[in-house]
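Next come the chains, spelled out residue by residue.
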Amino acid sequence: MKFITLSLLAIIVINIACNKNSSTTDYVANAVCTGTTPTYTNDVASILNTSCALSGCHSAGSSQAGINLSDYSSASSQFKNNSKNLASVHHASGVEAMPRNASKLSDTQISILDCWVKNGCPQ
């Protein structure tokens, strides 16, 4: 029951954040991460590898816009240092929605990314 309540709260926060032009700081500050500390290895890598770090997108061999999300070092650096990455994932106004030409990531996936950044991008 606690997980469901936290999940619903996270969805509400994410939906509110998506309806305004927010910065990464806003997404991270508003992320509800109680009891959740996603890591790159256990949670984030699978999201990035299936949705972002693809050939022609943000892989090591074809890092569009200079963004490589194919390994921990590159991905953590990008999310810590580029405020537009989370905004793009949230489909915020003023940035290009990612993933390009694909469906928006699920609310759960976005919440994992928000909490990963909020917790300092643990490996």
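Residues numbered from 1 in each chain as written. Predicted model: local features only at pLDDT ≥ 70, side-chain atom pairs only at ≥ 80, totals over all residues. Heavy atoms only, no water.

## Details of the state of the cysteines
The cut-off we apply is this: Disulfides are defined in this document as cysteine sulfur pairs within 2.5 Å. Working definition: helices are DSSP H or I runs of at least four residues, strands are E runs of at least two. Numbering for both runs from the N terminus. The cut-offs for exposure are 20% and 50% of the maximum accessible area for each residue type, with area from a 1.4 Å probe on protein chains only; residues under the lower value are buried, those over the upper are exposed, and the others partly exposed.
The tally for this structure, following the rule as stated, stands at one disulfide. Covalently, Cys 33 is tied to Cys 115 through a disulfide, its sulfur atoms 2.1 Å apart. Of note, the bridge from Cys 33 to Cys 115 carries an S-S torsion of about -95° and is left-handed in sense. Of this pair, Cys 33 sits in the loop between helix 2 (24–30) and helix 3 (40–51) while Cys 115 sits in helix 6 (residues 107–118); the two residues are 82 residues apart in sequence, bridging distant segments of the chain. For the pair Cys 33 and Cys 115, a shared accessibility class is recorded, and that class is buried. Of all cysteine sulfurs, the one in Cys 57 lies closest to Cys 52, which takes part in no disulfide; the gap is 8.2 Å. The class for Cys 57 is partly exposed, based on a relative accessible area of 29%.

By themselves, these observations are geometric and do not establish any function.
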